[in-house]
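Fold and contact review
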Amino acid sequence: MKNEKTQTLVGLDEPELSALALELGHSAYRGRQVHHGIYRQRAAQLDLLSTLPGNFRGALQNAGYSVGLPAEEKKFVSTDGTIRYLLGFPDQQSVEAVWIPEGDGGEGDDPGRNFHRATICVSSQAGCAVDCRFCLTALMGLMRNLTAGEIVGQILAVLNDRQVALPQERINIVFMGMGEPFLNYDNFIKAVRILVNGVGFAESRMTVSTSGIVPRIYDLAQEPVRPRLAISLNAADDETRTRIMPINRKWDLGLLIEAARAFPLRNREYIFFEYVLLDGVNDGVNDARRLLDLVAGIRCKVNLIALNPGPGIEFATPGAGQVEVFQQILIKGGVPTYVRRPRGRDIFAACGQLKRTVA
């Protein structure tokens, strides 16, 4: 008799899938075949695992298992080629993932045109509890953590979209979507291991961004398999940072920068500091100079992001000239600094805009 409770295979690692195969009366080898089929071959359904014998597929189905990729509820395509996916789960929760192509694609209607590389921005929670005052996701609050399978499933769902075809070695993954990854640490880090050992992404092609959950920065430093670290900084003094990022009350800049200085960097690796510029709040000359002093001696790069506005956000976007002045102060001070060009703003896919917008 078929089990009515559906359980997902995505999110199980190779030892877990081998153990499941043994539990169902088959060899561990069958579990390894499932691992390869859903992660490397990206089979979205059990009947697409053609290398498995029918009796084992039937055993999985009778035990209530499915591959378990999220359902694509809506897809929004920007004029710049960015694609925002609204992905749903069986409990009616949903999250967003974003495909961000880069290259000389230009404007137009074909999101697959002339792009040389791309980034998938993936969510780690449904909503977010951190309450950064410049982020639309914060207005949602936190619904729940995502499982490792729901995190990995977003990436597989995007990769299975024919519109985003690129060789995998030209695709980066950033854990910068909805949620704070370090407040869902165990599921996040398991997803990383599956993406490396199962799907085949290199650690160097993955970056995780944290608002500053200091104990988890130290935990990440000890992981044998880990992505690169980005810290959402956004201010160089505690008063300003606490105003726009209340998490600073728990882990202030002193503790955060101490953790950054202690973080072990691999060869040619940098810590990334993300800095959202808010007009008249944190974008002045003195702010740039304080930032220089704060990160002095850390092998780092700074990514500047002029605020992507949205309804319910109290702050304004600084002018391009002000952004340029801020950038040049950091560059002249010896810190590599880049201005992140907004992508997918017309479909609410830009940094800080993910709020499950459906139109």
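What you are looking at is a predicted structure, and each value in this text was computed from that prediction instead of being measured. (Residues numbered from 1 in each chain as written. Predicted model: local features only at pLDDT ≥ 70, side-chain atom pairs only at ≥ 80, totals over all residues. Heavy atoms only, no water.)

**Some remarks on the packing of aromatic side chains**
What describes a pair of aromatic rings is the distance from one ring centre to the other and the angle between the planes of the rings. One pass over the structure, following the stated rule, counts five aromatic pairs. Judged by centre distance (5.8 Å) and plane angle (65 degrees), the rings of F182 and Y185 are edge-to-face. The pair formed by F182 and Y185 is uniform in burial state, with each residue classed as buried. Where Y185 meets F188, the ring centres are 6.0 Å apart and the plane angle is 65 degrees; that geometry is what we call edge-to-face. Residue Y185 and its partner F188 are both found in helix α5 (residues 185-199); the two are separated by three residues, about one turn of the helix. Taken as a pair, Y185 and F188 share a single burial class, namely buried. Following the ring pairs from residue to residue traces out a cluster consisting of F175, F182, Y185 and F188. The ring of F76 has R84 sitting right over it, with the charged end atom 4.1 Å from the ring centre. Residue placement shows K301 over the ring face of Y270; its charged tip is 4.6 Å from the ring centre. (Phe/Tyr/Trp six-rings, centres within 6.5 Å; stacked < 30°, edge-to-face > 60°. Buried < 20%, exposed > 50% of the residue type's maximum accessible area, 1.4 Å probe, protein only. Helix = DSSP H or I, 4+ residues; strand = E, 2+ residues; numbered from the N terminus. Lys NZ or Arg CZ within 6 Å of the ring centre and 35° of its normal.)

**Details of the pattern of salt bridges**
Here the structure, examined in full by the defined rule, presents 15 salt bridges. Notably, a salt bridge pairs R266 with E203, separated by 3.1 Å at the nearest N-O pair. Of this pair, R266 sits in the loop between α8 (253-262) and β12 (271-277) while E203 sits in the loop between α5 and β10 (206-210), and the two are 63 residues apart along the sequence. The partly exposed category is assigned to R266, whose relative accessible area is 30%. Residue E203 is classed as partly exposed on the basis of its relative accessible area, which comes to 23%. (Salt bridge = Lys/Arg side-chain N within 4 Å of Asp/Glu carboxyl O.)

**Overview of helix α4 (residues 148-159)**
The end-to-end C-alpha separation of α4 is 17 Å, in line with the 16 Å expected for twelve residues at 1.5 Å each. Counting buried residues along α4, twelve of its twelve residues qualify, which places the element largely inside the surrounding structure. Every buried residue of α4 is accounted for by A148, G149, E150, I151, V152, G153, Q154, I155, L156, A157, V158 and L159. (Expected span 1.5 Å × (residues − 1).)

**A short note on the sheet that holds strand β5 (residues 94-103)**
Sheet architecture is open: ten strands sit in the order β3-β4-β5-β6-β9-β10-β11-β12-β13-β14, paired in mixed fashion. Across the chains shown, the open sheet's two edge strands, defined by having one partner strand only, are β3 (71-77) and β14 (337-339). Ignoring strand direction, the axes of neighbouring strands in this sheet form an average angle of 20 degrees. As judged from the three bridges shared by strand β11 (residues 228-232) and β12, these two strands associate in the parallel manner. Counterpart to I231 in the pairing with β12 is F273. (Pairing = 2+ DSSP bridges. Axes fitted to C-alpha atoms, helices over the stretch in contact; angles between N-to-C directions.)

**Overview of the packing of helix α1 (residues 14-23) against helix α2 (residues 28-40)**
For the pair α1 and α2, the least separation of the axes is 7 Å and the interaxial angle reads 130 degrees. Comparing their axes, α2 and α1 come out oblique. For the element pair α1 and α2, the recorded crossing hand is right-handed. Contacts between α1 and α2 pair E14, L17, S18, A21 and L22 from the former with A28, R30, G31, R32, V34, H35, I38 and Y39 from the latter. Partitioning the contact of α1 with α2 into residue classes produces seven nonpolar, three polar and three charged. (Parallel < 35°, antiparallel > 145°, perpendicular 65-115°, else oblique. Left-handed = near helix turned anticlockwise from the far one by under 90°. Contact = heavy atoms within 4.5 Å. Nonpolar A, V, L, I, M, F, W, Y, C, P; charged D, E, K, R; others polar.)

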